[in-house]
Each structure stands twice: as C-alpha cells, then as structure tokens.
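The lines below spell out each chain.
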Amino acid sequence: MRLLIVARAVNRLGAFSLSFLTVLTTTSFGASAAVAGYISAAFGLATIPSRLIGGRLADRLGPRRTIVIGLTGCAVAQLGLACANGLMTAACFAVLLGLVYEIYEPPSQAMIADVVAPSDHVRAYSLLNAALAVAGMGAGLLAAALGRWDLRWLFAVDALTCLLCALAVRLVLPADRPASTTRSGQPVAAAPWRDRSLLAMLAAGTLFAVVYLQIMTILPLSLELRGLQPADAGLLFTTSALAITAGQPLLRLRRVAELPAPAAFAGGYFLLALGLAGYAVAHTLVAHIAATLVWSVGDLLLVGRAYAIVAALAPAGAKARYLAVYGTSWGIGAIVAPITGTQLLQHAGPTGLWCVMSLACLLLAAVQPAWLRTANNHREHGEAPNRDQTAAPAAKELRPNAKAASVREPTGAARTLVRMRGVERQTIRREAVVAVLRQGGRVLVIRRGPQARLSGYWAPLSGTIEAGESQEEALVREVREEIGLEVAAGRKVWESTTEDAAFVLHWWTATVEGGELRLDPGEVSDARWVTAEEFGQLHPVFEGDQPFFQDVLPTL
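Residues numbered from 1 in each chain as written. Predicted model: local features only at pLDDT ≥ 70, side-chain atom pairs only at ≥ 80, totals over all residues. Heavy atoms only, no water.

K.L.:
When you look at the packing of aromatic side chains in this model, what are you seeing that I'm missing?
P.N.:
Overall, the coordinates contain 15 aromatic pairs when judged by the stated rule. Arranged with centres 5.9 Å apart and planes meeting at 90°, the rings of Tyr212 and Trp295 form a pair that is edge-to-face. Separated by 83 residues along the polypeptide, Tyr212 in helix H9 (residues 196-225) and Trp295 in helix H13 (residues 285-313) bring together distant segments of the chain. We classify Tyr212 as buried; its relative accessible area is 15%. An aromatic cluster of at least three residues, connected via ring pairs, comprises Phe208, Tyr212, Phe265, Tyr269, Trp295 and Trp330. (Phe/Tyr/Trp six-rings, centres within 6.5 Å; stacked < 30°, edge-to-face > 60°. Helix = DSSP H or I, 4+ residues; strand = E, 2+ residues; numbered from the N terminus. Buried < 20%, exposed > 50% of the residue type's maximum accessible area, 1.4 Å probe, protein only.)

See below:
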C-alpha cells in the first residue's frame, strides 16, 4: 500500500499542467477566452466516463494493468498537447486527456481496500489524501519554475511523471489475477447504479465536492474581492495540506479510530461549516489561515471515511466499479462548482458565497449521519444492499462467521428450506472445505490477500468444492494452490454454515507431507501457526470461527 501511495504522490507531483490548460490554448493557439472555456468544460465532462471506464477495466483486467493503461494514456495525451501545432489538435488531445485522466483512480483506491484490513481503511485513505496534498505543494513550486520558460514544458514534465509512475506500478505492485480466472469461472456481477446505499453516498459526495471545489476554484477570486492577493490562495492551500498531514496521527487515537461513522461525518461537516463561515467574516490573511485550519480538520475526518464506507458497500470483485461510481461526484462537482460559485460571488459577494457553502455543510451534517444510521439498521435486520443476485459466489467469498451445524455427511449439494416472505422455498447451498493444519499444538491460519473478499481477515484456509470433486480432493487441491504444501486429508471434525446460508463449510484435519510454504500473493498475504489463544488476539477475524478454536480444537 505504501508503494502505491508513493507512486501516486510522484504522479501528483507532476500534475500541475491541468491548471494551465486554458492559458495554453489562449496564449499558444490564439483561442478566445470563451473557446478556451469550452475546451476546459469538454475536458471536465470527459473525466466522468473516465472514472467509470477505470472501474470496469479494473474489475475485468485487474488494478495494476488498469493503472498502467490510465497513466500511459495520460502521458500520450499530455505529450500531444505539448507538441500540438494547432487549436483543433490541442482540443482533441484535451478531450483525450479527460477520457484517460481518471482511469487510474478507481483501481488505486480499490487496491488499497484490498490490501488493507477493513478496520484500517479510514487511515489508509486519509494517508493517501495527505500524500497527494503534500505532493500538490511540490507541484505548485515546479509549475512556478517551469512556466517561466514555456507552458508546453508543463505538459511534457507531467507526461514524464505519469510514465515514471506507470513504470513503478508495473515493476513493484503484484501481478493481477483477472476475474475470469477465479475458481468459480464466473465474473462477479454487480449493479452499483441500483445500489441505493451507494447512490445516497454519491448524492452526499457530490454536494461535498461542489463545496470543496469552491475552495479550490473560487477562493482566489474571493480573496481579491476582500482586497487581498489572489496568490495568497496558494498559502492557504499549503496550510491545509500541512494540517492534513500533521493530523494523520490523530486518526490513530483510540477515541477517533473508534468513532462511529455517523458521529465522524457530523463532526467533520460541522468543522467544515465552521471554517467556511470563518471565510465569510474574514478580512485579513491571518483570519483566512485560521479558518483554513478549522475546515482542514473536518476534511481529515471526512475524506478517508467516505471511501472506506463505499469500499465496504461493494461486493467482492466490484470495489473498483463502486469507487468509480462514487468518484463521479468530483466530475459533476467540477462542472457545477465554477458556475454556482461565480454566480454567488457576483450577486452575494464573498460573505454570501461562504455562508451558502457553510449551510450546505450543515445540511450534510444532519442528513448523511441519519442515512448512515438507517443503513446500519437495515443491515442489522438482514437487508442486504441491492446486488445482482445472478452472480455465483466465488471461492474466496466465503465468510465463515456462522452458527455451527451438527456434523453430517451430505452427498452433492446440501439442500435447505428457507422461509422468505412467508413462502417456503428449497434452495441449494454450495459446499466448501476448511483446512485444519496442525503443528505442535498450533493451527495454520492465513490472512486473506488482495484478490480475496474481505481481504485482511485472518482465518483457516478455505475454498469451494468443485463439481465432481470430493471433500478430501478439494482439501488437498486448495492447500496446494494457496500455500504450496502437499497434504493428506485426515478426518472431518466440524461443520458450519456461512451467515447467509449460501455455503456449508466442512472442517477437515490434514497432515503436511511435503512441499514448501509458498503463498499465492493474490489470495494469501500472510500465514501463521497460532494457538487458540493467539488466534483470539488476531484482528480482524470472523466471529463464527471462534467456536471452533474454543470448543472443537481442544478436543482434537
């Protein structure tokens, strides 16, 4: 994860050319201000499908390939802008840049969700946000230096940083495992645009993006109307970046880390509203700096948590698509923010602008926490988010935190009667094996890798029984594929079902007979031999595994 964040920071260090796109088209190609505005708007519109393309490619091709494709495309488009010899050519490359500009965002965000334990998602996304903010400060300094020579150099250097980032991702990050090669043989089906929980997050995220982009785009004009220098906005942006970076340790504090999502969102939006209200009454640079510090703390609480929630909403194999849909909020905001901001500034002045933005944050502080509490209540009552129910669960989608079942030996698929809305239906549950490998009073547990659902969780190795395969054969194959050991099946010692009753889990002992411990990096990120007490200290684990370690293991 750290390597990915560093690579993104390198890319952000060179991402200063976009701010000068309008200036380039007017000074180098003789375009009018209106035409330059249309070209910039076309770029902004193109970034919306760009994220959606990135999300779909990431779930189909894998995150590493998609990141490389997106960054390489950005490099090609920016070199085209640097070498363009006419306005029409420059406009075409500007639209192309928009179409590839956001491709790498969803896979990089999804990869963080895959390699980091869910309990650490907030901190991981906040760290990414801080790294990009710091790199943005360096980007401004580079832009100031290179822009004095020729604006085309800005796009050339930006293209170089994209290629360097793409090379680093290609060489350092683990290889992808396309969805078509999963053990189930079926791609994960998901319907993010029909997931009401995601759409609620998208609505809140869009309003947040509109507010946030007012700061990025309209603040210089607001400062000028206050009698300050527009360039002072750079100092305020630097102040915000430093505050977000310095505030990262706060996220590790127990009280902050364990803060419920509704409370964190309410507090974050309230601080954002307070800071923007400070802009409404500020007339000096010092007052603007103080207000910036306040809203930056709110930003610290909000950004990482929002992405963590969206990643948690996504089914296995669809994180990139969910994050892509949520990310379109920034594309929409980029179109709406300049229009609303300039109109408010013209008719209500800086005070009216920032008061309206502050009220929007107070609205979010009231609405989003209420929605989150409603969504949590739905989940507690077993109401799952809207998913495409035609998708067959993949082998690594097993979540064995379920009630134990009596040990029995079903043949074929296990059949069960489920009462749904008063109608009794017969459903077929798939079957899986769980490997109980013991060594000197310890059991081998693995930490799920980036390609597995609920990556980061510790559990005994498990996998689906394939068609025509016995439980013993599945046990031997799973252990060989995931950790490289050759084992002999022992005996079945326990049986449980997943919490959604989709799988019957058969727990088998096994004896290691050969091979070396070689982890499949996509499915397994770590492996340990632990006692029952040590397993209880691992985090996170599935609650349904505890009965095995507490009640069954001591009897073996």
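Now that the structure has been shown, the text picks up again.
K.L.:
How should I be thinking about a nonpolar patch on the surface in this particular structure?
P.N.:
Together, Leu45, Ile332, Ile335, Val336 and Ile339 line one region of the surface with nonpolar side chains, adding up to about 390 Å² of accessible area. Turning to its location among the elements, Val336 is positioned in helix H14 (residues 319-380). (Patch = residues over 30% accessible without salt bridge, like charges linked within 9 Å, V, L, I, M, F, W, Y side chains within 5 Å. Areas by Shrake-Rupley, 256 points an atom, 1.4 Å probe, with all protein chains shown as cover. Salt bridge = Lys/Arg side-chain N within 4 Å of Asp/Glu carboxyl O.)

K.L.:
Help me out: how do you make sense of the side chain of Gln368 in this one?
P.N.:
For Gln368, the location among the structural elements is in helix H14. On the accessibility criterion, Gln368 (4% relative accessible area) is buried.

K.L.:
Would you mind going over helix H5 (residues 87-101) with me for this structure?
P.N.:
Within an α-helix, residues lying three or four positions from one another point in the same direction, as the helix has 3.6 residues per turn. The end-to-end C-alpha separation of H5 is 20 Å, in line with the 21 Å expected for 15 residues at 1.5 Å each. By the burial criterion, the buried members of H5 are Ala90, Ala91, Ala94, Leu97, Gly98, Val100 and Tyr101. (Expected span 1.5 Å × (residues − 1).)

K.L.:
Teacher, can you tell me more about the confidence of the model for the chain here?
P.N.:
Reading predicted coordinates in detail is not appropriate for stretches of low pLDDT. Of all residues in the chain, 74% have pLDDT values of 70 or greater, and the mean over the chain is 77. This stretch, residues 178-188, has a pLDDT under 50; its non-local contacts, to residues over four places away or in other chains, come to 22 contacts. When the criterion is pLDDT under 50, residues 378-428 qualifies, and its contacts beyond four places in sequence or with other chains add up to 112 contacts. (pLDDT = per-residue confidence, 0-100. Contact = heavy atoms within 4.5 Å.)

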